[in-house]
Amino acid sequence: RWLRVKQRLRAELGEDIFASWFARLDLDSITLGTVRMSVPTRFLKSWLQSHYAERVLATWQSEDETIKQIDIVVRSPVIRPAIAKARVAEQPAATGERRSATTTAPTAASGDAPTGSPLDPRFVFENFLVGRANTLAHAAAKQVAQARRQDAVLFNPLYIHSGVGLGKTHLLQAIAWAISAQDRKVLYLTAEKFMYGFVSALKTQTALAFKEALRGIDVLIIDDLQFLQGKSTQVEFGHTLNALVDSGRQVIVAADRPPSDLESLDDRLRSRLAGGLVVEMGALSEEIRLEILKNRVNLARTHHPGFDVPAPILTFIAETVTHNGRDLDGALNRLLAHSKLTGGPVTMDIAELAVRDLIRPQDMKRVKIEDIQRTVARHFNVSRSDMLSSRRTANVVRPRQIAMYLAKTLTLRSLPEIGRRFGGRDHTTVLHAVRKIESLADRDRTLAEEIEILKRMLVE
Ligand code: ADP
Ligand code: MG
């Protein structure tokens, strides 16, 4: 029956559509009138549900009247099996030697112990390639990661800055992974998470416990400090920084600019940040870019064994994508999406398409904001009018932000214009959305892939 259902879908929808969306739909079980099928990604699942659910059900019913409903699920962890588990504060020591006094998360009993932002399992020292641009930052990071609890703290705070995509987050998380395997308590937080933690602690009147918890750790790592906003959060961060540094605990910070350029921070905080070691990381050399790509392909292959990129294509990408590591990832994500959707080999033509400015300028003229809104709304199963409304529930907020992000990256419209087209929002709201999605996609591979696929759908 399953075969017949598939054949009918193929005949009715055509080979192309079938190959894109149904080729990897598997039958899991049929019980009590429910057909359970599975696909490898969340994206495919929601696409099939929003576009083809009725048709699939009808096709099943025409083969078997007892079938009442269908259920599409995502097959076991495909994309990022380790991330969900990887929260520093909860990370069990790899060696099992952690002393019990330090394994308990800070003030676990208070209910408001800060938990770290998730760590990407790929971002470890072993995968970090050292070149001229980052020798110093890498050496400092290693020192800090290897220091023992009783060692004098050398560079405190350690402040790493660089343009986007040049390895700050990777290096910071490598430190966090290394330390979480020792007997020191480490907390890795994005500035946003820090803000969020502090603000919600204020709301629940557990701010004191939150502060105490923060000060009870050995190493505090804050990523993307340029996003630390709000007077009270900044004051709180200043206190935390002082308390930690003064008692010989390590603080590591990354930002996209040097301390002197963090305009919104107050002078004292800025000079405190500048008072440790400040290192800049520069652009990645071509050799390093090539190595990063090779590394990425190997990692991707552990989840998608069929994926392969021939050496000349890798060289081509390393030569063409010069600005940053994130675009290297973007290019590879495109190739991966292509290979997953079509099952075909990666050819030079496809690679050229994937890197051509990453997004070709002429495409930017073609993509319409309405199309972005419609496509994203459909993809997330919300209505376009909800997306443009003032509703703030999580299920519309995220799609709205993704649509704004795509409007910014795929069209030439200005932020105020985009704001107007999204129900008359302010340009700062759009800016916030763009940054939010950038920083989320940075950590969340599934989201990054979804966005890549949405872009392909809009641009092609
Ligand atoms: P940033 O935080 O500075 O914006 P990331 O750390 O997120 O940059 O780096 C972007 C991508 O480039 C990541 O996938 C990262 O692993 C990769 N990358 C950057 N620099 C290096 C490096 N030196 N070695 C290996 N990968 C790197
Ligand atoms: Mg980063």
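Just so it is clear, the model here is predicted, and its values are computed rather than measured. (Residues numbered from 1 in each chain as written. Chains lettered and ligands numbered in written order. Predicted model: local features only at pLDDT ≥ 70, side-chain atom pairs only at ≥ 80, totals over all residues.)

**Considering the UniProt feature "binding site: ATP" (unreviewed entry) in the protein chain**
Here comes step 1: When the UniProt feature table is mapped onto this chain, "binding site: ATP" (unreviewed entry) is found at Gly165, Gly167, Lys168 and Thr169.
Here comes step 2: Tracing the backbone through its elements, the reader meets Lys168 in helix α6 (residues 168-180).
Here comes step 3: Among all residues touching Lys168, those that are not within four sequence positions of it are Ile160, Ser162, Ala254 and Met281.
Here comes step 4: Turning to its location among the elements, Thr169 is positioned in helix α6.
Here comes step 5: Here Thr169 falls in the buried class, since 25 other C-beta atoms lie within 10 Å of it. (UniProt positions renumbered as here; feature names shortened; annotations may be inferred. Helix = DSSP H or I, 4+ residues; strand = E, 2+ residues; numbered from the N terminus. Contact = placed C-beta atoms within 7 Å. Buried ≥ 20, exposed ≤ 12 C-beta atoms within 10 Å, placed from the backbone.)

**Concerning unusual backbone geometry**
Here comes step 1: For the bond from Asn156 to Pro157, the omega torsion is -5°, close enough to zero to count as cis.
Here comes step 2: Summarising the element assignment, Pro157 is placed in the loop between α5 (135-146) and β4 (158-161).
Here comes step 3: A positive phi angle, near 45°, is found at Leu32, a position not held by glycine.
Here comes step 4: Mapped onto the elements, Leu32 comes out in the loop between β1 (26-31) and β2 (34-39).
Here comes step 5: You can call Leu32 exposed: it has 8 C-beta atoms within 10 Å.
Here comes step 6: For Asp224, which is not glycine, the phi dihedral falls at a positive 55°.
Here comes step 7: Considering the arrangement of structural elements, one finds Asp224 in the loop between β6 (219-223) and α9 (231-246).
Here comes step 8: The exposure class assigned to Asp224 is buried, which follows from the 24 C-beta atoms found within 10 Å.

**Quick word on the sheet that holds β4**
Here comes step 1: Pairing within the open sheet is parallel, and its five strands lie in the order β5-β6-β7-β4-β8. Two strands lie at the open edges of the sheet, namely β5 (186-190) and β8 (277-280), each paired on one side alone. Strand-to-strand twist in this sheet, taken as the mean axis angle between neighbours without regard to direction, amounts to 15°.
Here comes step 2: Sheet topology note: the β4/β8 ladder contains four bridges and is parallel. Across the sheet, His161 pairs through a bridge with Glu280, a residue of β8. (Pairing = 2+ DSSP bridges. Axes fitted to C-alpha atoms, helices over the stretch in contact; angles between N-to-C directions.)

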